[in-house]
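# Geometric and topological summary
This is what each chain is made of:
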Amino acid sequence: MTTITLEHITKRFAPEVGSQTQGVIAVNNLSLKVASGDVLAVLGPSGCGKSTLLRLAAGILEPDSGAVLYDNIDLRDIPIRDRGIGMVFQEGALIPHWEARRNIGFFLRLRQREQEIPERLARIASITGIGLDKLLDRRPPQLSGGERQRVGIARALARDLRVLLFDEPFANLDAHYRAEARIELKRLLNALPTTSIYVTHDQTEAVALSHRIAVMREGRLEQVGTYQQLYHSPVNIFVASFIGPNPINFFPGRVHNGRWYGENFGDFPLRRDLPDGTRVTAGIRPENVRLQPGGVYGVVDHITPLLAERSQLVSVHLAGERWSLVAPLDQPVEIGSTI
C-alpha cells in the first residue's frame, strides 16, 4: 500500500474562448496526506473541486503548482504502468462491446497474465457475494446501472493495486441498490485493504466506507477528521451546517458576564476571555433540542416524519427566529400549535 501526499497543489482551468469569466481555481493551495491503508472520503457541495482533487491524485491532471507524492516520490517520476492505480468512475467507464469478463481482465491481459484472471474473479465474487460469475458473459448495455458499477469495481480490484480511487460510483443508483453496493464495497475494502480516496456527496456513504472525512469548499479543505470530530467539533459554521443528518440551527447572540444570550433564550456558559458585547453565533443541532414543560415556546410551522428513526423533524418560530427540533414520532404535535 501507498501513502498519498498532496503538497500545496493548485489547479486552474482557463476560461472558454470568448467567455467573459476569468477561469476557475478548482483546487487552491491544498495539502493533504492519506496514510497507507487509510480510506478517506471527500465531501463537499457541487463545484467545490473534489473530483478535480481525485484526478490530480490519480495523475489524470497535473497541478499548476505543488506536487502529488506516492510514498514521498513525485507521481510524475513514477511510470504510468508502475503507479498501481485502480479507478472507479460514476458511469462505470466500461468498454461497451466487451463482455464483463474481458473488461475485468483487461489489465492482466495487457501484461500477458491471463492465467491469473479466474482466481482473481473467484476471490472478488466470494468476498462480495454478488454473483459476479453470472455477469461475466454479458456486455455493459445488457447490465443494469448497479451491475455495471460492480463490474467496474471488480476491474479496479483485479489489477496490481497500490491506490484505489472512487468518483461518486453510486451516484446514479437508486436508494435500495446504493445501500446494497455500499455493503459489498465495504466487504471488499475490509478484505483487500488499499489506500483509497472516495469522492461523494452522500454523508451516509462517507460514514459507512471511510476512516476519515475531508470537507471541501471552493477548492480548499475546511476540515479533516472522523465523522464524530466533524459533527461534535466543527471548525466553522460551514462545516457545522454541512455535516449532520438534519440542518443545524444557528442563533445570533452576545456575550454578557461570560455567558451567551440570544433573542429567545440564553444563559449558556462560554470561555471567559470574550469581552461583554462580543457577537457569538450559537449552533444547536435539532437532535439536541427536547420538548419539555417550562422550556422556550415555539409556534409549529412544519412537520417532517423521519420514519426510519421513529421521530419527526419539527420546525418552529418565535420572535423572528426559526429553528428545528427532533421529537418522538408518537409525540402529538400539530401545525399552528404552540409547544
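First, a word on scope: everything that follows refers to the structure included in this document. (Residues numbered from 1 in each chain as written. Predicted model: local features only at pLDDT ≥ 70, side-chain atom pairs only at ≥ 80, totals over all residues. Heavy atoms only, no water.)

### Side note on the overall build of the protein chain
Along the backbone of the protein chain there are nine helices and 17 strands. Dimensions of the protein chain, computed from C-alpha atoms along their principal axes, come out at roughly 75 × 45 × 45 Å. Relative to its full complement of 339 residues, the protein chain shows a buried share of 46%. Sequence-distant contacts, at least 24 apart, represent 62% of the contacts inside the protein chain between residues at least 6 apart. Looking at the protein chain as shown, the accessible area adds up to about 17,700 Å², and 51% of this sits on carbon and sulfur atoms. (Helix = DSSP H or I, 4+ residues; strand = E, 2+ residues; numbered from the N terminus. Buried < 20%, exposed > 50% of the residue type's maximum accessible area, 1.4 Å probe, protein only. Contact = heavy atoms within 4.5 Å. Areas by Shrake-Rupley, 256 points an atom, 1.4 Å probe, with all protein chains shown as cover.)

### Examining unusual backbone geometry
As a rule of thumb, non-glycine residues mostly have phi less than zero, and peptide bonds are mostly trans rather than cis. Of note, the phi angle at N72 is positive, near 65 degrees, even though the residue is not glycine. Relative to the helices and strands, N72 is located in the loop between β4 (65–70) and β5 (73–74). Residue classification places N72 among the exposed positions, given a relative accessible area of 64%. Phi at E218 is positive, roughly 50 degrees, even though this residue is not glycine. Inspection of the secondary structure puts E218 in the loop between β9 (212–217) and β10 (220–225).

### Observations regarding the pairing of strand β11 (residues 249–256)
Strand direction decides the pairing type here: β11 and strand β14 (residues 279–284), joined by six bridges, are antiparallel. Its bridge partner lying in β14, F251 is registered against A282. Direction of pairing for β11 relative to strand β12 (residues 259–262): antiparallel, over a ladder of four bridges. Looking at β12, one finds that H256 is bridged to R259. (Pairing = 2+ DSSP bridges.)

### Quick look at the packing of aromatic side chains
Tallying each qualifying case throughout the model produces nine aromatic pairs. Taking the centre distance of 5.8 Å and the plane angle of 65 degrees together, the rings of F251 and W323 count as edge-to-face. Placement of F251 in strand β11 and of W323 in strand β17 (residues 321–328) is noted, with a sequence separation of 72 residues between them. In this structure F251 comes out as buried when scored by relative accessible area, which is 3%. Taking 6.3 Å as the distance between ring centres and 20 degrees as the angle between the ring planes, the aromatic pair formed by W260 and F268 counts as stacked. Exposure remark for W260: the relative accessible area of 2% places this residue in the buried category. Here F268 falls in the partly exposed class, since its relative accessible area comes to 40%. (Phe/Tyr/Trp six-rings, centres within 6.5 Å; stacked < 30°, edge-to-face > 60°.)

### Digging into the nonpolar core
Nonpolar side chains in soluble globular proteins generally cluster together in the buried interior. Residues I104, L132, I153 and L185 are the most contacted members of the largest nonpolar core, which totals 33 residues. Counting residues per element, the ones that place at least two in this core are α2 (100–104), α3 (106–110), α4 (117–128), α5 (145–157), β7 (163–167) and α6 (175–191). (Core = buried A, V, L, I, M, F, W, Y, C linked by side-chain atoms within 4.5 Å.)

### Focus on α5
Relative to the 18 Å expected for 13 residues at 1.5 Å per residue, α5 spans 19 Å between its end C-alpha atoms, a close match to the ideal helical length. Of all 13 residues in α5, eleven are buried; the element is thus mostly enclosed. Every buried residue of α5 is accounted for by G146, E147, Q149, R150, V151, G152, I153, A154, R155, A156 and L157. (Expected span 1.5 Å × (residues − 1).)

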